[in-house]
Structure formats: C-alpha cells, structure tokens
Amino acid sequence: MKVGIDLIHFATSDFYLGLDVFATEKNQDFDKYLIGIGQEKMSIAPPDEDIVTLSAKAAEPILAQMNRQMISAVFFATESGVDQSKSAGAFVHSLLALPNRCRVIELKHACYAGAAALQMAVNAVKANPNEQILVIAADIARYDLDTSGEATQGCGAVAMLIKADPRIVAIEPGSGYHTEDVMDFWRPNHRETALVDGKYSTKVYLNSLKAAWQHFTEVSGRSFEDIQQFCYHIPFTKMAEKAHRQLVKLAQVEQDESVTLAQIAPSQQYNRVVGNSYSASLFVGFCSLLDHQSHLDNQRVGFFSYGSGCVAEFFTGIIQTGYQAVLMTASHLQQIRERTPLTYAQYLELYHGSALTQADVTLPVYHSGPYRLVGIHEHKRHYAKTS
Ligand code: CAA
C-alpha cells in the first residue's frame with residue numbers, strides 16, 4: 001500500500017524585511033546576504049500572527065477540498081510553541097472546526113520535528129489505512145538583534161494531508177538517521193529567541209548529513225543515482241548548496257557543478273524569499289520544488305531533515321503520476337507576491353511587539369489574514385477567524 005502526502009499547502013506572513021534594507025542598516029554589503037548566505041527577504045510575523053494562525057491559514061485550503069470530519073489526528077511540529085503544556089494543534093483544531101474524535105499532539109525536536117511527524121503519520125496510516133492525518137510544521141524563526149542569526153529569520157507553516165493512495169508523493173520505507181547530543185542551536189524555556197553557535201551549527205549539519213546518508217544507503221540499498229531531486233532543510237539557501245556538494249563528494253559522483261546546483265535550485269526559490277521556518281523549512285522547499293519544476297512524475301525525491309541539538313534523517317519518496325493537478329501553486333505565489341515590505345524601524349516595532357509575556361493584552365489589528373491572535377486574557381490565548 002502506498003502512503004504519503006496527498007495534499008500540501010504552505011502559508012507565510014503578510015510582511016517581509018528585504019535583506020537589502022537590513023544590509024544598509026547594519027553597514028554590510030548586500031552581497032554578503034544575497035550571495036554569501038543566499039537570502040533576499042525574510043517573512044516577518046506581526047504580534048497578532050503566530051504559529052497557530054499561520055497553521056490554520058496553511059491547512060484550511062486542504063480541508064476545504066475534503067470532508068474535514070475524516071481527519072483522525074493532527075500531528076503538530078514546532079519549536080516555537082505557544083504554551084508549555086497545551087499543544088498549539090489544539091487551538092488549530094478549534095479554528096478549523098475539526099471533529100472531536102481526533103487525536104492532537106505537538107512534536108518537538110528543533111527543525112527535525114516536521115519530518116518526525118510525517119514519518120509517524122505514514123506509519124499510523126500503514127497500521128490503519130482508514131486514517132487521514134493532518135501534519136502541520138510551523139515556526140517563527142527569531143534571533144536576538146545584532147546577532148549572526150538575525151539575517152536568517154523568517155516564518156512559515158506547511159500543512160500536509162497524509163493518507164493511503166496519496167496524489168503527490170508516496171514516502172518509501174528505508175530511512176537513515178543520526179542523533180547526537182550537541183549544543184549548536186537551542187532555546188532555553190526562559191527565552192523568546194534562539195541561541196546559536198552559527199559556524200559550529202553548519203559543521204554539525206554537514207556531519208549529520210554524512211552519518212544519515214551512510215545509514216540510508218545501508219538500510220535502503222539505494223544510491224545517489226537512484227534519486228533525481230533533492231530537498232534539504234534550508235536555514236538559508238547556501239546551506240543546501242554546501243550540503244548537496246558534500247553529498248555529491250561523499251557518493252563519489254562525477255558531475256559538473258552546474259548539474260549539482262540544478263538538482264537543488266527549484267527547491268530553494270521560496271526559502272530564499274521567506275527565510276528560515278525551522279520545522280517547516282524542508283517542506284517549504286518541497287513546495288518550491290513542486291511549484292518550480294514540471295514533469296516530476298515517478299521521480300524519486302531525497303529529503304534531508306536536520307534539527308539542531310541534533311537529530312537528522314534522510315529518506316525518499318516517489319512523486320505520483322498526475323500530481324500537478326492538485327498543487328496549490330497559485331496560492332503560494334500570491335502570498336509571497338502580496339506581502340508588504342517593511343522599513344527597518346517597522347520591523348523593529350513588530351519584533352519588540354511580538355514578545356508576548358503579559359498575562360493580559362489586547363492586540364491591535366496588524367494583518368488582514370484569515371485568522372488572528374486577538375489577545376491574551378487571564379493567561380489564555382484567544383484567536384479569531386476574521387474572514
Ligand atoms: N559577498 C559575497 N559573499 C560574502 C560577502 C560578500 N560581500 N561577505 C561575506 N560573504 C560570505 C562569506 O564568505 C561566507 O561564506 P562561506 O560560508 O561560504 O564561507 C558567508 O557569506 C557568510 O558570511 P559570514 O560567515 O561572515 O557570516 P556570519 O558569520 O555573519 O553568519 C552564519 C553566517 C553563522 C551561518 C549565520 O547566518 C548564522 O548564525 N545563522 C543561524 C544558524 C544557522 O542557520 N545554522 C545552520 C545550521 S543549523 C540548522 O540548520 C538549524 C536551523 O534551522 C537553525
């Protein structure tokens with residue numbers, strides 16, 4: 001039985017900060033960002049947009065195409081959780097009017113949790129083919145101002161319907177994984193922003209790719225040549241290039257640099273202008289591949305998920321015949337195109353306004369998206385559907 005992603009849709013915020021504006025403010029050469037790390041823009045979430053509102057915005061177009069009463073579980077992956085106890089998925093479950101006969105859980109391991117949620121859902125459907133599971137990966141990437149990570153912020157949510165006989169990609173058995181207790185990127189409970197040892201984190205990412213790939217080839221029996229497209233976790237697009245170059249070397253493949261770059265270019269388009277979305281980033285990259293490269297029918301895609309701390313996994317999937325008929329490309333392009341650019345001062349206002357540590361606050365309306373965080377009253381978050 002084939003099991004995998006039947007529908008996929010991503011959402012990002014209504015605002016962005018251009019890295020040209022950022023470079024001017026920081027007295028840096030724009031090329032450091034455009035060429036050096038491969039980023040042009042970063043999506044910025046206003047205070048009334050969080051992982052819950054972004055996720056509802058990502059999932060609704062999927063549910064609109066099916067009987068939402070059939071959703072048997074929501075697996076919600078994030079590292080920017082809004083509560084230490086309650087799953088963000090429970091708020092989303094309510095906003096989307098999902099059935100009460102449904103299991104909702106939040107999964108965390110840095111940027112890896114989205115891949116973990118996908119694999120858990122695939123296995124749950126294999127055990128019970130009647131299940132239709134909503135997997136959501138959503139994050140708002142925030143670092144302290146004037147740190148090396150500030151240029152790699154961003155936000156996004158990806159919703160995926162996992163079921164039997166999927167129309168987009170069937171996930172294959174045979175994963176390679178790697179876990180190691182390291183401190184390359186982390187966010188202690190008392191902090192709103194992540195801490196990172198930037199250069200070290202890139203080294204651990206590459207070492208984890210090597211280990212996960214070796215495990216993958218052993219358990220799956222597949223080689224580099226068996227895979228036609230590659231999607232990486234993309235904290236910034238240059239990282240995917242470094243990773244893919246390393247994989248080519250590791251697999252001892254002789255090919256032109258132009259071929260190496262072409263194997264990942266379609267998957268980098270959205271991330272270059274959205275920025276990092278942590279657990280969602282790999283799947284924003286997959287949406288980018290689907291939307292920017294045609295004739296993928298029956299091709300094998302290699303997915304590399306990396307979560308700092310660290311857990312990594314390499315796995316594959318086969319694109320299904322006729323997949324293009326169910327893509328939501330127009331919505332993805334429209335959201336990106338219609339974002340409002342911010343000045344650095346406006347970005348700072350949203351940045352500081354998003355630190356919601358108060359027990360009681362009513363938020364001004366910042367964005368016109370379909371869901372918003374209205375405020376916090378007696379420590380309880382309140383959301384509204386606005387359209
Ligand atoms: N023109 C062209 N290129 C330029 C340039 C210019 N004018 N100026 C600098 N560059 C190049 C540099 O040579 C460098 O390239 P290489 O990496 O190929 O050497 C690149 O631009 C970056 O320059 P710096 O190394 O000087 O930049 P930095 O130290 O300020 O920051 C970083 C780089 C450490 C990756 C930083 O962006 C960061 O801390 N990011 C957050 C951490 C991160 O994303 N880590 C990735 C792995 S961890 C992970 O994947 C999980 C996750 O999501 C966080």
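Refer to the structure presented above.
Keep in mind that this is a model prediction, so the values were computed, not measured.

Some remarks on the site of the ligand
And then number 1: Taken together, 25 residues form the shell around the ligand, and within it Ser148, Lys199, Ser201, His233 and Lys242 come nearest.
And then number 2: In this structure, aspartate 29 approaches the ligand through a side-chain N or O atom, which is 3.1 Å from a nitrogen atom.
And then number 3: Contact with the protein chains covers 73% of the free accessible surface of the ligand, which is 1100 Å².
And then number 4: Its atoms largely coinciding with the cavity grid, the ligand occupies the second largest pocket.
And then number 5: Elements that contribute at least two residues to the shell around the ligand include exactly helix H2 (30-37) and helix H6 (198-220).
And then number 6: For the shell around the ligand, the residue count by class is ten nonpolar, ten polar and five charged.

Topic: the layout of surface pockets
And then number 1: The volume enclosed by the second largest pocket comes to roughly 770 Å³.
And then number 2: What lines the second largest pocket is a set of 34 residues, among which Ile37, Ser148, Thr152, Gly198 and Phe236 lie closest to the centre.
And then number 3: Elements with a minimum of two residues in the lining of the second largest pocket: H2, H6 and helix H7 (237-250).
And then number 4: Considering each element in turn, the lining of the second largest pocket owes the most residues, seven residues, to H6.
And then number 5: When grouped by side-chain class, the residues that make up the lining of the second largest pocket number 15 nonpolar, twelve polar and seven charged.

Quick notes on the pattern of salt bridges
Think of it this way: side chains of opposite charge can pair up when their charged atoms draw near.
And then number 1: The final tally for this structure, using the stated rule, is twelve salt bridges.
And then number 2: A salt bridge links lysine 26 to glutamate 150, with the shortest nitrogen-to-oxygen separation between them at 2.8 Å. Placement of lysine 26 in the loop between helix H1 (19-25) and H2 and of glutamate 150 in the loop between strand E6 (132-141) and strand E7 (154-164) is noted, with a sequence separation of 124 residues between them. Here lysine 26 and glutamate 150 have matching classes, each one buried.
And then number 3: Residue glutamate 172 pairs with arginine 300 through a salt bridge whose shortest N-O separation is 2.7 Å. Placement of glutamate 172 in the loop between strand E8 (169-171) and strand E9 (176-179) and of arginine 300 in strand E13 (residues 300-307) is noted, with a sequence separation of 128 residues between them.
And then number 4: Under the relative-accessibility criterion, glutamate 172 is labelled buried at 14%.
And then number 5: Salt bridges sharing common partners tie together Lys26, Asp146 and Glu150.

Observations concerning the side chain of serine 277
And then number 1: Among the secondary structure elements, serine 277 is positioned in the loop between helix H9 (265-274) and helix H10 (281-292).
And then number 2: Note on serine 277: relative accessible area 0%, which makes it buried.
And then number 3: Side-chain polar atoms of serine 277 contact the backbone nitrogen of serine 281, separated by 3.3 Å.
And then number 4: Once residues lying within four places of it in the same chain are set aside, the contact partners of serine 277 are Asp139, Cys155, Gly156 and Val284.

With respect to the packing of aromatic side chains
And then number 1: This model, assessed by the stated rule, comprises 18 aromatic pairs.
And then number 2: Residues tryptophan 213 and phenylalanine 314 carry aromatic rings whose centres are separated by 5.0 Å and whose planes lie at 80° to one another, so their mutual orientation is edge-to-face. Of this pair, tryptophan 213 sits in helix H6 while phenylalanine 314 sits in strand E14 (residues 311-319), and the two are 101 residues apart along the sequence. For the pair tryptophan 213 and phenylalanine 314, a shared accessibility class is recorded, and that class is buried.
And then number 3: Judged by centre distance (4.9 Å) and plane angle (55°), the rings of phenylalanine 216 and phenylalanine 314 are tilted. Of this pair, phenylalanine 216 sits in helix H6 while phenylalanine 314 is found in strand E14, placing the two residues 98 residues apart along the sequence.

Calculation criteria
- Residues numbered from 1 in each chain as written.
- Predicted model: local features only at pLDDT ≥ 70, side-chain atom pairs only at ≥ 80, totals over all residues.
- Heavy atoms only, no water.
- Near = heavy atom within 4 Å.
- Polar contact = N/O pair within 3.5 Å; in protein donor to acceptor, adjacent residues only side chain to side chain.
- Areas by Shrake-Rupley, 256 points an atom, 1.4 Å probe, with all protein chains shown as cover.
- 1 Å grid on protein atoms, 1.4 Å probe; cavity = no way out; pocket = protein on both sides within 12 Å on 5 of 7 lines; lining within 4 Å.
- Sits in = over half its atoms within 2 Å of the grid points.
- Helix = DSSP H or I, 4+ residues; strand = E, 2+ residues; numbered from the N terminus.
- Nonpolar A, V, L, I, M, F, W, Y, C, P; charged D, E, K, R; others polar.
- Points joined across faces, edges and corners; volume = space filled by probe spheres on them.
- Salt bridge = Lys/Arg side-chain N within 4 Å of Asp/Glu carboxyl O.
- Buried < 20%, exposed > 50% of the residue type's maximum accessible area, 1.4 Å probe, protein only.
- Contact = heavy atoms within 4.5 Å.
- Phe/Tyr/Trp six-rings, centres within 6.5 Å; stacked < 30°, edge-to-face > 60°.

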